[in-house]
Amino acid sequence: MERVKTGIPGLDEMLHGGFLPQTANLVEGAPGTGKTTLGMQFIYHGIIACEEPGIILTFEEFPQQYYRDASNFGWDFQQMEREDKLRVVMSSPEVSKADLEHVGGRIERLIREIGARRILVDSISHFERLSNSRTSFRELAFSFINALKREGLTIVLTREQPALLGERISPENGLAFLVDSYILLRYVEIESTMHKALIVLKMRGSDHDKGIRQFEITSRGIEVRAPFEGREGIMSGSPRRMMDSFVQAFVRR
Amino acid sequence: MEERTKRELDLTARLMSDMDPQLLEFLQTKINSFVKWDLVRFFHDNPHTADTLENIARYAGRSSEVVRHELKELVEDGVLEESQAGSMTIYSLTSDPHIRELLRRFIEASDDRQFRVKAIYHIVRGSRGNPRGARLKNHTNTDH
């Protein structure tokens, strides 16, 4: 089956080759976990290695910030724009939604102008202010995602998670059900040091690695490493050694 | 005494006009307020931005009232474009390559302190005799 590679070492293996084409893929995490970096790397890899131009649609960060952040990894986004392989578009959710509903709108024109195949939407959380209920958010997101799929794009959507550690505190608004894959990025505290964990929670239409992997943001972007071994409760943010749990459960009775 | 002051003013005007004539014209006819300067810098740095008046004002850290007329005039002068998305009016940078190139040169020149001093002089001076510049006194910002 054809796959859309992210170019992130380790993640493509977890996804059994990459995302499926023309799917919506949600990346959720707390501030600083690397959601935007993951999305930028997906766009960069498409341009550099797959001849797939891309669009970054931002609702809050200025494009300037993306140019700067990308250059820290050695990715020259401004040059890519000059070569008509990339567009970093800043707009608001309400304008983007109205624009995509309109035939021949600005985003549609940009997609066709550069032949875009990939898009990063950073972040879908901003759509929440357009809706006053879970139902209307779900309808809004459904229509927005479908408009992007209609244009033949493979989509990475980021979603902000305010909880730094432990259980998520924002209620699920239905987005996880709409998307085709769901990747969660978490902070994990192990022996007074913060680590980062990645898990693929869902991948519609394909098998995937169910393990919880460590990852790091290096000077080359994200690198997904080995699974956490010998520990449990990773996604709680405060894992325990499995041996400790065993002792607690069976020995100290 | 009056003659001497006049001569000094003429000399200042000549010194301040010592810049690329195309940039001087661009400055005098299109970027004739500090708010416009901020706006065109924003669109230059973020060239694929397309948004409503309210959101652009927010991005620029200004109020909608301050930005409204400046955006309209930049559209009239061909620096920005206006389009519709549903019922919303959207502003974006012009696709005219000539204006984009002038803007690029203007922003790059603005990195030079001497050019900035001259540009500020023309904006302040232009605001006195120009009905469009009359609003300048209400929101002067020389932090350029």
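As the structure is a computational prediction, the values presented were derived from the model and not from experiment.

Conventions adopted
- Residues numbered from 1 in each chain as written.
- Chains lettered and ligands numbered in written order.
- Predicted model: local features only at pLDDT ≥ 70, side-chain atom pairs only at ≥ 80, totals over all residues.
- Helix = DSSP H or I, 4+ residues; strand = E, 2+ residues; numbered from the N terminus.
- Buried ≥ 20, exposed ≤ 12 C-beta atoms within 10 Å, placed from the backbone.
- Contact = placed C-beta atoms within 7 Å.
- Nonpolar A, V, L, I, M, F, W, Y, C, P; charged D, E, K, R; others polar.
- Pairing = 2+ DSSP bridges.
- Core = buried A, V, L, I, M, F, W, Y, C linked by C-beta atoms within 7 Å.
- Expected span 1.5 Å × (residues − 1).
- Arc of directions from axis to C-beta.
- Axes fitted to C-alpha atoms, helices over the stretch in contact; angles between N-to-C directions.
- pLDDT = per-residue confidence, 0-100.
- Parallel < 35°, antiparallel > 145°, perpendicular 65-115°, else oblique.

## Observations regarding the overall build of chain B
Inference 1: Along chain B, the regular secondary structure elements total 7 helices and 3 strands.
Inference 2: The linear arrangement of helices and strands in chain B, starting from the amino end, is α-α-α-β-α-α-β-β-α-α.
Inference 3: Taking all 144 residues of chain B together, 27% fall into the buried category.
Inference 4: A sequence separation of at least 24 residues applies to 60% of the contacts in chain B between residues at least 6 apart.

## Let's talk about the overall build of chain A
Inference 1: Along the backbone of chain A there are 9 helices and 11 strands.
Inference 2: Within chain A, buried positions represent 44% of all 253 residues.

## Considerations on the interface of chain B and chain A
Inference 1: Taken residue by residue, the interface counts 13 residues in chain B and 16 residues in chain A.
Inference 2: A per-class count over the side of chain B that touches chain A returns 4 nonpolar, 7 polar and 2 charged.

## Remarks on the sheet that holds strand 3 (residues 88–93) of chain B
All names here are of chain B.
Inference 1: Here we have 3 strands laid out as an open sheet, ordered 1-3-2, and antiparallel in their pairing. Both edges of this open sheet fall to strand 1 (50–51) and strand 2 (80–85), since each of them pairs with a single strand only.
Inference 2: Relative to strand 3, strand 2 runs antiparallel, the two sharing 6 bridges. Within strand 3, the residue paired with L80 across the bridge is L93.

## Details of the nonpolar core
Inference 1: Core analysis: the biggest nonpolar cluster contains 61 residues, and I43, I56, I119, L120, I155, L157 and I183 of chain A have the highest contact counts within it.
Inference 2: If we ignore the near neighbours within four places in the chain, the residues touching I183 of chain A are L26, V27, L198 and V200 of chain A.
Inference 3: The next biggest cluster of nonpolar side chains, apart from the first, holds 27 residues, and it includes F43, V67, V79 and L103 of chain B.

## Side note on unusual backbone geometry
Residues and elements named next belong to chain A.
Inference 1: Note the cis peptide between D122 and S123, where omega equals 0°.
Inference 2: Positioned with a positive phi, H16 is a non-glycine residue whose angle comes to about 55°.
Inference 3: Along the polypeptide, H16 turns up in the loop between helix 1 (11–14) and strand 1 (24–29).
Inference 4: Backbone geometry at S192 places phi at a positive 65°, although glycine is not the residue there.

## Brief notes about helix 7 (residues 134–150) of chain A
Residue and element names in this part refer to chain A.
Inference 1: Taking 1.5 Å per residue, 17 residues should reach 24 Å; helix 7 reaches 24 Å between its end C-alpha atoms and fits that length.
Inference 2: Burial in helix 7 covers these residues: A141, F144, I145 and L148. Down the axis of helix 7, the smallest arc covering the buried residues is 95°, so these residues share one side. Turned more than 90 degrees away from the buried face of helix 7 sit T135, S136, S143, N146 and R150, all of them exposed.
Inference 3: Where helix 7 is buried, its residues meet strand 1, helix 5 (93–101), strand 4 (118–122), strand 5 (154–160) and helix 8 (175–178).
Inference 4: G152 sits one or two positions beyond helix 7 and adopts a positive phi of about 80°.

## A word on helix 2 (residues 35–49) of chain A
Inference 1: Helix length check: helix 2 of chain A, at 15 residues, gives a terminal C-alpha distance of 21 Å against a target of 21 Å (1.5 Å per residue), a fit within 8%.
Inference 2: With respect to burial, helix 2 of chain A is a largely interior element, 13 of its 15 residues being buried.

## As for the sheet that holds strand 5 of chain A
Residue and element names in this part refer to chain A.
Inference 1: Taken in spatial order, the 9 strands make up an open sheet running 3-2-4-5-1-6-7-8-9, and their pairing is mixed. Sheet topology places strand 3 (86–90) and strand 9 (221–227) at the edges, where each strand pairs with a single neighbour. When strand polarity is set aside, the average angle formed by the axes of neighbouring strands in this sheet is 25°.
Inference 2: Relative to strand 5, strand 1 runs parallel, the two being bridged by 6 bridges. The residue of strand 5 that forms the bridge with E28 is R159.
Inference 3: Strands strand 2 (54–58) and strand 3 of the sheet are contacted by helix 6 (residues 106–114), whose axis makes an angle of about 170° with strand 3.

## Some points on the confidence of the model for chain B
Inference 1: Averaged over all residues, the pLDDT of chain B equals 84, while 83% of them reach at least 70.
Inference 2: Predicted complex metrics record ipTM = 0.78 and pTM = 0.84.

## With respect to the packing of helix 3 (residues 34–45) of chain B against helix 6 (residues 97–109) of chain B
Residue and element names in this part refer to chain B.
Inference 1: Running from N to C, helix 3 and helix 6 point in directions that differ by 110°, and their axes come no closer than 10 Å. Classified by the angle between their axes, helix 3 and helix 6 sit roughly perpendicular to one another. Taken together, the residues of helix 6 that come into contact with helix 3 (itself represented by V40, R41 and H44) are L103, R104 and I107.
Inference 2: Across the contact of helix 3 with helix 6, the residue classes tally to 3 nonpolar, 1 polar and 2 charged.

## Observations concerning the pairing of strand 7 (residues 193–203) of chain A
Residues and elements named next belong to chain A.
Inference 1: The pairing of strand 6 (residues 181–190) with strand 7 spans 10 bridges and is classified as antiparallel. Residue R186 lies in a different strand from strand 7, and its bridge partner there is A197.
Inference 2: Hairpin connection between strand 6 and strand 7: a loop of 2 residues separates the two successive antiparallel strands, and E191 in this loop has a positive phi of roughly 50°.
Inference 3: Here strand 7 runs beside strand 8 (residues 213–218); their pairing, made up of 2 bridges, is antiparallel. Within strand 8, the position partnered with L198 by the bridge is R213.

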